[in-house]
Structure formats: C-alpha cells, structure tokens
Amino acid sequence: MQQHIENDDKYLGLTVNSGVVQPPSVNPYFKPRRRAPLPTAGELVEGILKGDITLLSRAVTLVESVQPAHRALASEVIEKCLPYSGNSRRIGITGVPGAGKSTSIDVFGLHVLKDGGKLAVLAIDPSSERTRGSILGDKTRMEKLSMHPDAFIRPSPSAGSLGGVARKTRETIILCEAAGFNNIFVETVGVGQSETAVHSMVDFFLLIQLAGTGDELQGIKRGIMEMADGIVINKADGDNVGPAQLAQAQFRSALHLFPPTESGWMPEVLTYSGYYELGIPEVWEMIDRYFHFVKSNGYFELKRNRQSRYWMYETINERLRSDFYDNPEVAALLDVNERAVMTNTMTSFAAAQSALDLYFSQRGR
C-alpha cells in the first residue's frame, strides 16, 4: 500500500489513512457467455415460413447489420423468402410529432386483429445526429398491441440515413409477409423526408393530423398531402370535436385544389379519437374501400410493380455508394482531400473529382 508523507514524525498529530484496496472492475465470477452461432440461410427461411418470431427477429437483425457477412446472409434469406411475400396490406402511417401515431397504431392494430390474421408494425425511430443512438421506445407506447400474440412490433433506428433504413424496412416487409403477417404498418419518424421513402413501399398512406394547434394551414401547404390516400384528424373528443370538424372541412376543401390522383381515388378526411377509441371502424372502412377501388381498376398491381422497379435502382445506388466509401484507397485519399478543402488549398469540386477518378481508374474505366 502507498505510504503517505503526511505520516512522517515531523507531522505530529496528522494521520492519513492509506484507504482500502479497490475491488477489481470486472466481476471475478463473471463467465462470458458464448454467442450462439448464426443460423444458416436455410434454417432462417424454414423458421420464418413457420412463423417463428425468434428467427424472424434474427433475420431482421441481419438485414439491419452493416457487416458484409451478415449482409450476404440476409440477401440470401430475402431471396428465398421473396416467393412467399406480397400477400399483405402495407399501410404507411405518418403525422406531426405528438399527433398520436403510436396510440393510433395501438387501437388500429387491435381493430384489425379482431378479424383474424397477423399484424407487423415496423417503426422507423429517429436517431441522434450527434450520438447516432435511438431510444426505440415505440413498443412501450403500444401497450395493448405489444402483448397480442399475433402482433410483431419492430422499431428500427434511422441512424441518420433515411435511404438506408428505408431499404432495410422494405426488406423487413418481405420477411414479415413470408412469416404470415397479412397486415403491415410502417410508422415514420414524422413529417419530413422519410415520408417519400415510406410512400414508395406501402399501398395506402395515412396522414394523421391535429386540430386547434395552428398547424392546419401549414399542413395544407406541405407536399405530404399530395401523397396521402387518407387524412384522419385525431383527438376529436370532448371540447375538441368542433375544431376537429372545422379542420376536417378545411382539409377537404384543400384536397380539391390538388390535381386528380393517378389511381382515381379521392382521398377522404375523417375524424377520430385514438385515446377514447372513437371512429376507429370508420377509418378502417375507408381503407377497405381504397383497397377495393385500386384492386378493381388495376392500380394496385401497377403501383407495386413501380415500387419494385424503384427499389431496384435504389439498391444499385446504395451498393455503389457503399463500394465507393468502403474502398481503403479512396478513403485515404478522401482524408487528404478533406484537409486540403478545409485549408482552402483545393476546391470541393476538384477534391471530389480526384476521388472519383481514383475509384473509376481502379475499375478500368
């Protein structure tokens, strides 16, 4: 133990204790658990087709992983599950923060499950721009649905890349459909860029609005209304029934200002209360009418085919982007060029061009 100079005889009357020996920072009885080996693609596909939630969750984790080995395994699983997908109703749900999306999904989901079937809720959770961390707490706000045996709730972090998380959500939809989920809800992070990505993977896009918040005009101006197949005004209960009905009239009038939709469907505006579970059947009847309408005129298949084509090009773009930034020589040159740009010794355009020239020269262009 360390001796203290204060205990010398010349410092009479002063005593300094040496203290106690600190325990080790690691529990000596701790035995690390061996991580279970990754299942094979065949095992994952077999479990997914049987509706095994554990193996489905592991497959989704592989889809979200950035490790090349995981990515290759996930691609194989998705390819084998693809023939068993496409048999669900894909519904995107968005709205301003505080509009009650999670509460609404809770009651919408329970209403859907009354008629049988299974429901998967894929929630895109916003990530911190500074730490890249996410709370992933959507499941805690869907108390009733999270306990239902036929519901699967999976929050995914946006991790600052809406395009990346959207691709992973698209692939997760395929896995969930192969597992027998015939209803898919995709909840977005809120009004913003994520809506365009989610709109490109769902059949019906539901916009949740609020009344009496001074946001009606702003909501009308946003381009998101052009993507909405249905608008529902939440919290239409108590003293807020009147303002909700007024907002309903305003949104209906605003929708007439937009050009006709390609599907021929005229978006409807309804009011409801997620907290008190009022007007829920009417909202779902609207969604039923939409699906009957677009399937009868052929737009349903047309839209899905276009979405598949869109995601083909998005996958190409993302693969090229990853291949570029994962290239070690390109990464080293980018570090050099970044310092040159920061010190004003090279323009941004010249720095980008030199990195691209190096990348293309490696591929014999």
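For the structure itself, look to the data block above.
What comes next is a walk through the structure.

Considering the overall build of the chain
When helices and strands are counted, the chain shows 14 helices and 7 strands. When the 365 residues of the chain are sorted by exposure, 42% land in the buried category. Taking all contacts inside the chain whose residues are at least 6 apart in sequence as the whole, residues at least 24 apart take part in 73%. In the form shown here, the chain has an accessible surface area of approximately 20900 Å², with 55% of it arising from carbon and sulfur atoms.

Considerations on the pairing of strand β7 (residues 268-271)
Looking at chain direction, strand β6 (residues 230-233) and β7 are connected through 4 bridges and run parallel. Among the inter-strand pairings, I233 is bridged to a residue of β7, identified as T271. In terms of handedness, the path from β6 via helix α10 (residues 241-255) over to β7 forms a crossover that is right-handed.

Digging into the side chain of S85
You can see S85 is positioned in the loop between α3 (68-81) and β1 (89-95). Beyond its immediate stretch of four places on either side in the chain, S85 contacts I174 and E177.

Some words on the environment of A355
With respect to the helices, strands and loops of the structure, A355 is situated in helix α14 (residues 348-362). Taking the C-alpha atoms as reference points, A355 and A332, 23 residues apart in sequence, are found 9.6 Å from one another. Ignoring anything within four residues of it in the chain, the contact list for A355 reads F324, V330, L333, L334 and N337.

Topic: the pairing of strand β4 (residues 183-187)
Where burial is concerned, most of β4 is hidden: 5 out of the 5 residues are buried. Both faces of β4 are covered, namely the face carrying N183, F185 and E187 and the face carrying I184 and V186. Here β1 runs beside β4; their pairing, made up of 5 bridges, is parallel. Note that in β4 the partner of R89 across the bridge is N183.

Quick notes on helix α4 (residues 101-113)
The terminal C-alpha atoms of α4 lie 18 Å apart, and with 13 residues this matches the ideal 18 Å at 1.5 Å per residue to within 8%. Among the 13 residues in α4, 11 count as buried, and that is most of the element. Taken residue by residue, α4 has K101, S102, S104, I105, D106, V107, F108, G109, H111, V112 and L113 as its buried positions.

Let's talk about the side chain of D203
By the element assignment, D203 lies in the loop between α7 (194-199) and β5 (204-209). We classify D203 as buried; its relative accessible area is 2%. Separated by 2.7 Å, the side chains of D203 and R304 make a polar contact. Ignoring anything within four residues of it in the chain, the contact list for D203 reads S88, R89, R90, D229, Y290, F291, F300, K303 and R304.

Thresholds applied
- Residues numbered from 1 in each chain as written.
- Predicted model: local features only at pLDDT ≥ 70, side-chain atom pairs only at ≥ 80, totals over all residues.
- Heavy atoms only, no water.
- Helix = DSSP H or I, 4+ residues; strand = E, 2+ residues; numbered from the N terminus.
- Buried < 20%, exposed > 50% of the residue type's maximum accessible area, 1.4 Å probe, protein only.
- Contact = heavy atoms within 4.5 Å.
- Areas by Shrake-Rupley, 256 points an atom, 1.4 Å probe, with all protein chains shown as cover.
- Pairing = 2+ DSSP bridges.
- Right-handed = clockwise from strand over helix to strand, strands pointing away.
- Expected span 1.5 Å × (residues − 1).
- Polar contact = N/O pair within 3.5 Å; in protein donor to acceptor, adjacent residues only side chain to side chain.

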